[in-house]
Every structure is written in C-alpha cells, then in structure tokens.
Amino acid sequence: MPISKPNGAAKPRRSVDLDSHEALRLLGSVSFGRIVFTRHALPTVRPVNHVLDNGDIVIRTHEGTALTARAQEADDLGVVVAYEADAIDPETHLGWSVVVTGYARPVTDPEELARYQAMLRPWVSGTMDHAVRIRPDLVTGIRLTAVEADASDRR
C-alpha cells in the first residue's frame, strides 16, 4: 500500500526543548493523551482523557482494565508509566509534545475519588469507578516551530 505524501512541500521547522514548568502547563491545556505501561512484559499504549491536578495527572479507569490491575498490584511507589500528550497541527506540523515519566498509583481515598469523578468525565461509555494518579518524576517536552528564512533565502 503506497504511503500518502503530505500536500505541498514541508517547510523547515526546528525542535525547541521546553522546561518542565512549561511542559506541564501545556499538558494541562489539553484533556487527551496516551498512557504507556507494561502488560505481559511488553509496552502497552492506551488513549485516555486526563486532568492535571496539583502537578499530578489523573485518569479514570474501571475494574478489570490492565492499567487498573497493574496499579493495584504495584508496591508503595506505584507502577512505572509514561504519559504523552501533544497538540500538533496536521497541516503545518507545528505544535508541541510532552512526555511525563513517573509512578502511577490507584486513588483509594473515597472523597478524593469522588472529587476526580466530578472533575473528569470519561469519553467512553461504561462505569469508570476507579482513578489512577501519575506523579511525574521526569517531564520533558518539545515545541516544533517554524524556521525563519534568513535574508539570503528571500532573494
């Protein structure tokens, strides 16, 4: 199957590293991302919606999901996960991407769980009666920006 080519020639762009504060701010500006965790010794990626609460990423899950099970089985630190979110324009390919690596633990306090259930509405149908909190340990991000043409390119 042939690979489709983007419309028009790609314009030059560059990648600029973001500091962790800006990366978390951008992450908090969107509600959708991808969580990466280990299942049967292999990386597993799931799209989820999230809320950023006091620097932690919170997602809702339900009983029986692989992530819920992994988080409940983990020790006191939690289970190592990565979380990625981005906003990249499909035509210009400009935008940003943030990756957070940290430990995920189930939210067990009933009041806290009720607060997250009120704050975060799942995008899929079904009962989502669990929540998982990711405490960021490493936060990285990039911004893809246009490269300005210099004067010699404008002739």
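Residues numbered from 1 in each chain as written. Predicted model: local features only at pLDDT ≥ 70, side-chain atom pairs only at ≥ 80, totals over all residues. Heavy atoms only, no water.

Caption draft 1: Just the overall build of the protein, in detail. Secondary structure assignment for the protein yields three helices and eight strands. Ordered by position from N to C terminus, the α and β elements of the protein give β-α-β-β-β-β-α-β-β-α-β. Relative to its 155 residues, the protein shows a buried fraction of 32%. At a minimum sequence separation of 6, the contacts of the protein that also span at least 24 residues come to 70%. Accessible area for the protein stands at about 10000 Å²; split by element, carbon and sulfur atoms hold 53% of it. (Helix = DSSP H or I, 4+ residues; strand = E, 2+ residues; numbered from the N terminus. Buried < 20%, exposed > 50% of the residue type's maximum accessible area, 1.4 Å probe, protein only. Contact = heavy atoms within 4.5 Å. Areas by Shrake-Rupley, 256 points an atom, 1.4 Å probe, with all protein chains shown as cover.)

Caption draft 2: Region of interest: the nonpolar core. Formed by 23 residues in total, the largest nonpolar core has its most connected members in Leu27, Ile35, Val81, Tyr83, Val98 and Val100. Not counting residues within four places of it along the chain, the set of residues in contact with Val100 comprises Leu24, Leu27, Ile57, Val81, Ala82, Tyr83, Pro136, Leu138 and Val139. Counting residues in hydrophobic clusters, the runner-up holds seven residues, among them Val51, Val58, Val107 and Tyr116. (Core = buried A, V, L, I, M, F, W, Y, C linked by side-chain atoms within 4.5 Å.)

Caption draft 3: Here's a closer look at the environment of Phe37. With respect to the element layout, Phe37 can be found in strand β2 (residues 32–39). The class for Phe37 is buried, based on a relative accessible area of 3%. The spatial distance from the C-alpha of Phe37 to the C-alpha of Arg70 is 8.5 Å, given a sequence separation of 33 residues. Those residues in contact with Phe37, other than ones at most four positions away along the chain, are Leu42, Pro43, Thr44, Arg46, Ala66, Leu67, Arg70 and Val81.

Caption draft 4: Quick peek at the environment of Ala146. Along the polypeptide, Ala146 turns up in strand β8 (residues 130–146). Distance from Ala146 to Pro12, taken between C-alpha atoms, is 6.2 Å for residues 134 residues apart in sequence.

Caption draft 5: View of the pairing of strand β6 (residues 79–88). Bridge analysis of β2 against β6 gives three bridges, and the strand direction is antiparallel. Residue pairing for β6: Val36 is matched across the bridge by Ala82. As defined by bridge partners, β6 adjoins strand β7 (residues 95–106) across ten bridges and the pair is classed as antiparallel. Directly across from Asp86, in β7, lies its bridge partner Ser97. The hairpin turn running from β6 into β7, its antiparallel successor, is six residues long, and His93 in that turn takes a positive phi close to 60°. (Pairing = 2+ DSSP bridges.)

Caption draft 6: Region of interest: the confidence of the model for the protein. Across the protein, pLDDT averages 85, with 86% of residues at or above 70. Throughout residues 150–155 the model reports pLDDT below 50, and contacts reaching past four residues in sequence, or to other chains, amount to one contact. (pLDDT = per-residue confidence, 0-100.)

Caption draft 7: Summary view of the pattern of salt bridges. Enumeration over the complete set of coordinates arrives at eight salt bridges. Note that Arg143 and Glu22 form a salt bridge whose closest N and O atoms lie 3.0 Å from each other. A residue pair is termed long-range when its members are at least 10 positions apart, and Arg143 in strand β8 and Glu22 in helix α1 (residues 20–28) qualify at 121 residues. Exposure remark for Arg143: the relative accessible area of 28% places this residue in the partly exposed category. For Glu22, a relative accessible area of 22% translates into the label partly exposed. Arg135 is paired through a salt bridge with Asp56; the nearest N and O atoms lie 2.8 Å apart. On the criterion of sequence distance, the pair formed by Arg135 in strand β8 and Asp56 in strand β5 (residues 56–61) is long-range, its members being 79 residues apart. Residue class for Arg135 comes out partly exposed when judged on its relative accessible area of 47%. (Salt bridge = Lys/Arg side-chain N within 4 Å of Asp/Glu carboxyl O.)

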